[in-house]
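# Breakdown of the fold
Single-letter residue listing:
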Amino acid sequence: MKFIVIGITDNPHPFFPPEVMNIIKNGKVFSGGKRHHEIVASLLPADAEWIDITVPLEAVFDAYQRSPRFSEGYPIIVFASGDPLFFGFANTIQRKMPEAEIVAYPTFNSLQMLAHRIVMPYHDMRIVSLTGRPWHEFDRALIERAEKIGILTDKEHTPTAIAQRMLEYGYKGYTMHVGEHLGNPRQETVSTLTLEEASKREFSMPNCVILYEEIAEYTKPFGIPDTCFALLDGREKMITKMPIRLLTLQALDLPHRDVLWDIGACTGSISIEARLQFPHLQIEAFEIRPECEAIIQENARRFGAPGINVHIGDFLSVCCDSVVTNANPDAVFIGGHGGHLKEILEKVLPVLTDDGIIVFNCVTSPKVPTNSRVLWDEACQDLGLQQGHPLHIQLNDYNPIEILTASKSNKL
């Protein structure tokens, strides 16, 4: 099985070196997108077989396998945009057919061409692909204050949508460069805009974006002051205090985790602090009170923490399988249980990874009518959880807190 992947631009009159032209001349099976076919159709042999690359890709690879000429040993010659190994189709071939032989003939990718047009060195550019992907890596680049971000777009994640998202979460200090139809001398356009200008414009496809922040306007705090949060009914006691919050993140071992579930999120203080300090995390926040959804979103915008997935409703009624889309949680914080601590743990355990950790902050006060520590100990014993060493702390005049941990194994 052999694939020859040839990179092209949007130029309707592509130039290929003699070696590549000879490959095309002697080829039998060709593939690419419809736009690629329009560009190279005049160069293909008269008896060429063409296989369109469309979604679902499983059907495309099935068509490759069914091709008689492919079965006879002829390579499939694929035309792909730019560099086939830069978020390109060669990567897809490696994933779908790891045993296949691949020969690549790249050209400049779209972000390289845009950097060349605006004469911007790009060796230090953070690259994010939003082509058929969620916002997560883009949000991470923003939170980590990447100075220069190159973005591959699609019909949903347009330059307009990107600018609007950045403005919504307070990332206003960037200039946006947009390249449209790069490589096509009749349609190519390069624009340099403020985010406000880009948020009101429409752009033609295909396009790509480079963001550049000349002067950083924001310094990420290590610990958000409690007074800065929007609160539930103005109740200060409904927020995990900042020192406790940071100790909780430490107990969750978040530098080594991938997915955090925040159960009983309330104002979102734990989720937001975790998002800012550990932007690689996928965060799912659960809260039973409908009025908290607007509060969490307001706080996320206030502190520049996009990408927290909020789920409103009784956690015990949540379909965990629908939440576990990309990965299972390996860190769970229980911020509220309403007397159903054991039931919550029973619901979490089937989806928690084998090395996952659960953290619960317990108020230890004789004034608290239900002893949450007893509920925790009983639930852990009944469910076979291994408990870690508790951390006792008292902050100012507030009731003492125990930060409790548990896991399926005895690694704590």
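In this report, we go over the structure that sits alongside the text. Every value quoted in this text rests on a predicted model; they were computed, and no experiment measured them.

### Observations concerning the overall build of the protein chain
When its secondary structure is counted, the protein chain shows 15 helices and 18 strands. Overall, the C-alpha framework of the protein chain stretches about 85 × 50 × 35 Å when taken along its three principal axes. When the accessible surface of the protein chain is split by element, carbon and sulfur atoms take 51% of a total near 19,900 Å². Seen as two clouds, the 37 positive and the 52 negative side-chain charges of the protein chain have centres 2 Å apart.

### Quick notes on the packing of aromatic side chains
Under the defined criterion, the tally for this structure stands at 14 aromatic pairs. Taking 5.8 Å as the distance between ring centres and 50° as the angle between the ring planes, the aromatic pair formed by W135 and F138 counts as tilted. For W135, a relative accessible area of 18% translates into the label buried. Take F138: its relative accessible area is 0%, and that puts it in the buried class.

### Describing the nonpolar core
F138 and L211 are the most contacted members of the largest nonpolar core, which has 55 residues in total. Core analysis: the second largest hydrophobic core is formed by 27 residues, V259, F286, V318 and L404 among them.

### Describing the state of the cysteines
Counting across every chain of the model gives zero disulfides. Left unpaired, C292 is separated from the closest cysteine sulfur, that of C266, by 4.4 Å. Residue classification places C292 among the buried positions, given a relative accessible area of 0%. C319 takes part in no disulfide bond, and the closest cysteine sulfur to it belongs to C320, at a distance of 7.1 Å. You can call C319 partly exposed: its relative accessible area is 44%.

### Details of the pairing of strand β10 (residues 207–212)
Most of β10 is tucked away: five of the six residues are buried. Of the strand pairs in this sheet, strand β7 (residues 148–152) and β10 are connected by five bridges, and their pairing is antiparallel. Note that in β10 the partner of L152 across the bridge is C208.

### Focus on the pattern of salt bridges
Enumeration according to the criterion identifies 21 salt bridges in this entry. Between R69 and D47 there is a salt bridge, with its nearest N and O atoms 3.7 Å apart. Within this pair, whereas R69 is found in helix α4 (residues 68–71), its partner D47 is found in the loop between α2 (34–40) and β3 (49–52), the two being separated by 22 residues in sequence. Salt bridges sharing partners connect three or more residues here, namely E168, E298, R301 and R302.

### What to know about the pairing of strand β6 (residues 126–129)
Two strands pair when backbone bridges link them, and β6 and β7 are joined in this way by four bridges, in the parallel orientation. When the bridges of β7 are listed, R126 appears paired with I149. The parallel pair β6 and β7 is bridged by helix α7 (residues 136–143), and the resulting crossover is right-handed.

### Overview of the layout of surface pockets
Quantified by volume, the largest pocket comes out at close to 1,600 Å³. Around the largest pocket, the lining comprises 42 residues; the ones closest to its centre are R35, H36, S81, T131 and T153. Elements with a contribution of two residues or more to the lining of the largest pocket: α2, β4 (76–81), α5 (89–96), α6 (110–117) and β10. Among the elements that take part in the lining of the largest pocket, α5 stands out by supplying four residues, more than any other.

### Digging into the side chain of K148
The topology assignment puts K148 in strand β7. There is a polar contact of 2.7 Å between the side chain of K148 and the backbone oxygen of P121. Within the structure, the side chain of K148 is placed 2.9 Å from the side chain of D124, a separation counted as a polar contact. Residue contacts for K148: discarding those within four places in its chain leaves M120, P121, D124, M125, R126, I210, L211 and Y212.

### Thoughts on helix α14 (residues 341–348)
Those residues of α14 that fall on the buried side of the exposure criterion are L341, I344, L345 and V348. For α14, the buried positions fall inside an angular range of 100° around the axis, keeping them on one side. Residues of α14 that are buried make contact with β11 (259–263), β14 (331–334), β15 (357–363) and α15 (372–383).

### Focus on the side chain of D330
Tracing the backbone shows D330 in the loop between α13 (320–323) and β14. This buried residue, D330, is left without a salt bridge; R257 holds the nearest opposite charge, at 4.9 Å. Not counting residues within four places of it along the chain, the set of residues in contact with D330 comprises H256, R257, D258, V259, L352, T353, G356 and I357.

### Let's talk about the packing of helix α10 (residues 242–251) against helix α11 (residues 269–277)
Relative orientation of the contacting elements α10 and α11 amounts to 60°, with a least axis distance of 10 Å. With respect to their mutual orientation, α10 and α11 come out oblique. Both α10 and α11 take part in a crossing whose hand is right-handed. Judged by residue contacts, M242, R245, L246, T248 and L249 of α10 engage S269, I270, E273, A274 and Q277 from α11. A per-class count over the contact of α10 with α11 returns five nonpolar, three polar and two charged.

What counts as what
Residues numbered from 1 in each chain as written. Predicted model: local features only at pLDDT ≥ 70, side-chain atom pairs only at ≥ 80, totals over all residues. Heavy atoms only, no water. Helix = DSSP H or I, 4+ residues; strand = E, 2+ residues; numbered from the N terminus. Areas by Shrake-Rupley, 256 points an atom, 1.4 Å probe, with all protein chains shown as cover. Lys, Arg positive; Asp, Glu negative; His and termini not counted. Charge placed at Lys NZ, Arg CZ, Asp CG, Glu CD. Phe/Tyr/Trp six-rings, centres within 6.5 Å; stacked < 30°, edge-to-face > 60°. Buried < 20%, exposed > 50% of the residue type's maximum accessible area, 1.4 Å probe, protein only. Core = buried A, V, L, I, M, F, W, Y, C linked by side-chain atoms within 4.5 Å. Disulfide = S-S within 2.5 Å. Pairing = 2+ DSSP bridges. Salt bridge = Lys/Arg side-chain N within 4 Å of Asp/Glu carboxyl O. Right-handed = clockwise from strand over helix to strand, strands pointing away. 1 Å grid on protein atoms, 1.4 Å probe; cavity = no way out; pocket = protein on both sides within 12 Å on 5 of 7 lines; lining within 4 Å. Points joined across faces, edges and corners; volume = space filled by probe spheres on them. Polar contact = N/O pair within 3.5 Å; in protein donor to acceptor, adjacent residues only side chain to side chain. Contact = heavy atoms within 4.5 Å. Arc of directions from axis to C-beta. Axes fitted to C-alpha atoms, helices over the stretch in contact; angles between N-to-C directions. Parallel < 35°, antiparallel > 145°, perpendicular 65-115°, else oblique. Left-handed = near helix turned anticlockwise from the far one by under 90°. Nonpolar A, V, L, I, M, F, W, Y, C, P; charged D, E, K, R; others polar.

Read these as spatial facts, not as claims about activity.
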